[in-house]
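Architecture and fold: a report
Chain by chain, the residues:
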Amino acid sequence: MRCSLRKFLKISICLFISVISIVSYFHDNFEKSFIAQRQSFGQKQHGVLGPVDHQDSDIELLSRKQRNAMSVETITDDEKEKRKNVHPSLKSKNERTELSDIFIAVKTTKKYHDRRLKLLINTWIGQAREETYIFTDDNDKLDLPDGHLINTNCSNTHYRIALSCKMAVEYDFFMLTGKRWFCHLDDDTYLNVPGLVKLLQSYNHTDDWYLGRPSLRHPIEVMKRSNPEQKIAFWFATGGAGFCISRSLALKMMPHASGGRFMTTSDMIRLPDDCTIGFIINNLLQKELTIIDRFHSHLEALWFVRNLQDQLTFSYSDTNIVHIDGFPKKQDPSRLYSIHCMLFPTADICDTLRKGITVA
């Protein structure tokens, strides 16, 4: 009897140990498999196409976070609710392009909401409220239609990764709308809205058009990372002057720009957002930049610009402004109010300014 009990205990202990070993084996293998699948999914979702250089690990980590912030697949419920106001265009391709066919994106940051953005809201944005979307890095209460202030969750810095992150959101958002034209502006740029509509009516959105103005007199050159002795040269339209891309061309950009791929492409050349747009279009897709000399940025001598009523965009800086007779410089240091009231003298804001009242 004692012998049988001892044998029973030994058998029970052996069985118990065997069961624990089997459970542990399957648990470890399941965990490894799950981690591998999750890493594989993360790479696909964020557009990681290959191994990351160790020296760029910190930058790449931030880049991944920002890709995730703006990826189409990771849009929050709140953003989805806002985007219900964005309806794809159902017009026939043969119908004339109107203002409602244009998607206007303005890139900014929270610290410039008061200093720059309100000036635009008081002037040209009032003529294109439903077509204009503000892409920034924080929430705010501004005089804009619901869903037209987009918090990209990108960094608030002015470095390459943050700028490209916002451009990636702009592009993905435009692709959701189905509009004919994607036009990008900076937050210190004035837009002649009727002039832009007239310009785009002379181009077919079903063809490949990249309209803008370069800030350089020659193509920009960068070294090829895979072969440092080889250089890549391409033209790009400076974002400060504004540029427009037809939907046909935007569709061809998708393999290099959609769903976070824009960030990957920007990483390849180590250049900011407007340069990356040019790299995709002029180098990868081999499409030409059509130069529109009526686009103007603060990278040119603005005091030489004449025939202001015929121009499409203007910018400004502390020491570089358009020469125009208008409101006193103390009241209108950027000269954008003076330009707006020259073009549209009956605008409400002009009556306010003529009374000597200084506005934002």
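Check the entry above for the structure.
We now turn to the structure provided with this report.

Definitions and limits used
Residues numbered from 1 in each chain as written. Predicted model: local features only at pLDDT ≥ 70, side-chain atom pairs only at ≥ 80, totals over all residues. Heavy atoms only, no water. Helix = DSSP H or I, 4+ residues; strand = E, 2+ residues; numbered from the N terminus. Polar contact = N/O pair within 3.5 Å; in protein donor to acceptor, adjacent residues only side chain to side chain. Core = buried A, V, L, I, M, F, W, Y, C linked by side-chain atoms within 4.5 Å. Buried < 20%, exposed > 50% of the residue type's maximum accessible area, 1.4 Å probe, protein only. Contact = heavy atoms within 4.5 Å. Disulfide = S-S within 2.5 Å. Salt bridge = Lys/Arg side-chain N within 4 Å of Asp/Glu carboxyl O. 1 Å grid on protein atoms, 1.4 Å probe; cavity = no way out; pocket = protein on both sides within 12 Å on 5 of 7 lines; lining within 4 Å. Points joined across faces, edges and corners; volume = space filled by probe spheres on them. Nonpolar A, V, L, I, M, F, W, Y, C, P; charged D, E, K, R; others polar. Expected span 1.5 Å × (residues − 1). Axes fitted to C-alpha atoms, helices over the stretch in contact; angles between N-to-C directions. Parallel < 35°, antiparallel > 145°, perpendicular 65-115°, else oblique. Phe/Tyr/Trp six-rings, centres within 6.5 Å; stacked < 30°, edge-to-face > 60°.

**Concerning the side chain of Asn282**
Relative to the assigned elements, Asn282 resides in helix α10 (residues 273-284). Within the structure, the side chain of Asn282 is placed 3.0 Å from the backbone oxygen of Lys287, a separation counted as a polar contact.

**What about the nonpolar core?**
With 50 residues, the main nonpolar core has Trp124, Leu196, Leu199 and Leu200 as its most contacted residues. Going through the elements one at a time, β1 (102-107), α4 (113-122), β4 (181-186), β5 (190-191), α6 (193-200), α11 (336-343) and α12 (348-354) are the ones with two or more residues in this core. When sequence neighbours within four positions are dropped, the list of residues in contact with Trp124 reads Ile104, Val106, Thr132, Leu185, Thr189, Tyr190, Leu191, Val193 and His340. By size, the runner-up hydrophobic cluster in this structure holds 40 residues, among which are Phe135, Phe173, Phe182 and Tyr210.

**Focus on the side chain of His340**
Among the secondary structure elements, His340 is positioned in helix α11. Under the relative-accessibility criterion, His340 is labelled buried at 3%. Other than its neighbours up to four places away in sequence, His340 contacts Thr123, Trp124, Gln127, Tyr190, Ala347, Ile349 and Cys350.

**Comments concerning the state of the cysteines**
This structure, assessed with the given rule, holds three disulfides. Paired through a disulfide, Cys154 and Cys165 show a sulfur-sulfur distance of 1.9 Å. Taking the torsion about the sulfur-sulfur bond, which here is approximately -75°, the covalent link between Cys154 and Cys165 counts as left-handed. With a gap of eleven residues between them, Cys154 in the loop between β3 (149-151) and α5 (160-177) and Cys165 in helix α5 connect regions that are remote in the sequence. Between the sulfur atoms of Cys183 and its disulfide mate Cys244 the distance is 2.1 Å. Judged by the sign of its S-S torsion, about 110°, the cystine formed by Cys183 and Cys244 is right-handed. Within this pair, whereas Cys183 is found in strand β4, its partner Cys244 is found in strand β9 (residues 243-246), the two being separated by 61 residues in sequence. Overall, Cys183 belongs to the buried group, its relative accessible area being 3%. Accessibility expressed as a relative area gives 2% for Cys244, which makes it buried.

**Digging into the pattern of salt bridges**
Applying the stated criterion across every chain, the model contains 14 salt bridges. The shortest N-O distance in the salt bridge between Lys107 and Asp186 comes to 3.8 Å. Of this pair, Lys107 sits in strand β1 while Asp186 sits in strand β4, and the two are 79 residues apart along the sequence. Among the residues examined, Asp186 registers a relative accessible area of 15% and is labelled buried. Close ionic contact of Glu300 with Arg213 constitutes a salt bridge, the shortest N to O distance being 3.5 Å. Of this pair, Glu300 sits in the loop between β10 (290-291) and β11 (313-314) while Arg213 is found in the loop between β6 (210-212) and β7 (220-224), placing the two residues 87 residues apart along the sequence. Put simply, Lys107, Asp186 and Asp273 are held in one network by salt bridges that share partners.

**A word on empty space enclosed by the protein**
Overall, the coordinates contain one cavity of 30 Å³ or more when judged by the stated rule. Its boundaries defined by the atoms lining it, the largest cavity holds a volume of some 40 Å³. Those elements that provide at least two residues to the lining of the largest cavity are β4 and β9. Among the elements that take part in the lining of the largest cavity, β4 stands out by supplying three residues, more than any other. A per-class count over the lining of the largest cavity returns seven nonpolar, three polar and no charged.

**Description of α10**
When the terminal C-alpha atoms of α10 are compared, their 15 Å separation across twelve residues agrees well with the 16 Å that a helix rising 1.5 Å per residue should span. Counting buried positions along α10 gives ten out of twelve residues, so the element sits mostly inside the fold. Residues Asp273, Asp274, Cys275, Thr276, Ile277, Gly278, Phe279, Ile280, Ile281 and Asn282 constitute the buried set of α10. Directly beyond the C-terminal end of α10, a positive phi value near 60° is found at Gln286.

**Some points on α6**
Three- or four-residue spacings in an α-helix give side chains the same orientation, since the helix completes a turn every 3.6 residues. For α6, a buried count of six out of eight residues is recorded, marking the element as mostly surrounded by other parts of the structure. If you follow the buried residues of α6, they end up packed against β1, β4, β5, β6 and β9. At the N-terminal boundary of α6, the capping side chain belongs to Asn192, with an oxygen 3.1 Å from the backbone nitrogen of Gly195.

**Description of the packing of α5 against α10**
Look at α5 against α10: their axes get within 8 Å of each other, and the N-to-C directions meet at 60°. Our classification of the angle between α5 and α10 gives oblique. Contact residues: α5 offers Leu163, Ser164 and Met167, while α10 offers Asp273, Thr276 and Ile277. Residue composition of the contact of α5 with α10, by class: three nonpolar, two polar and one charged.

**Things to note about the packing of aromatic side chains**
Following the criterion strictly, the structure yields 14 aromatic pairs and no others. Here the aromatic rings of Phe103 and Tyr133 are separated by 5.0 Å at their centres, their planes lie at 15°, and the arrangement is stacked. Residue Phe103 is found in strand β1, and its partner Tyr133 is found in strand β2 (residues 132-136); the two are separated by 30 residues along the sequence. Geometrically, the ring pair formed by Phe103 and Phe174 is tilted, given 5.8 Å between the ring centres and 55° between the ring planes.

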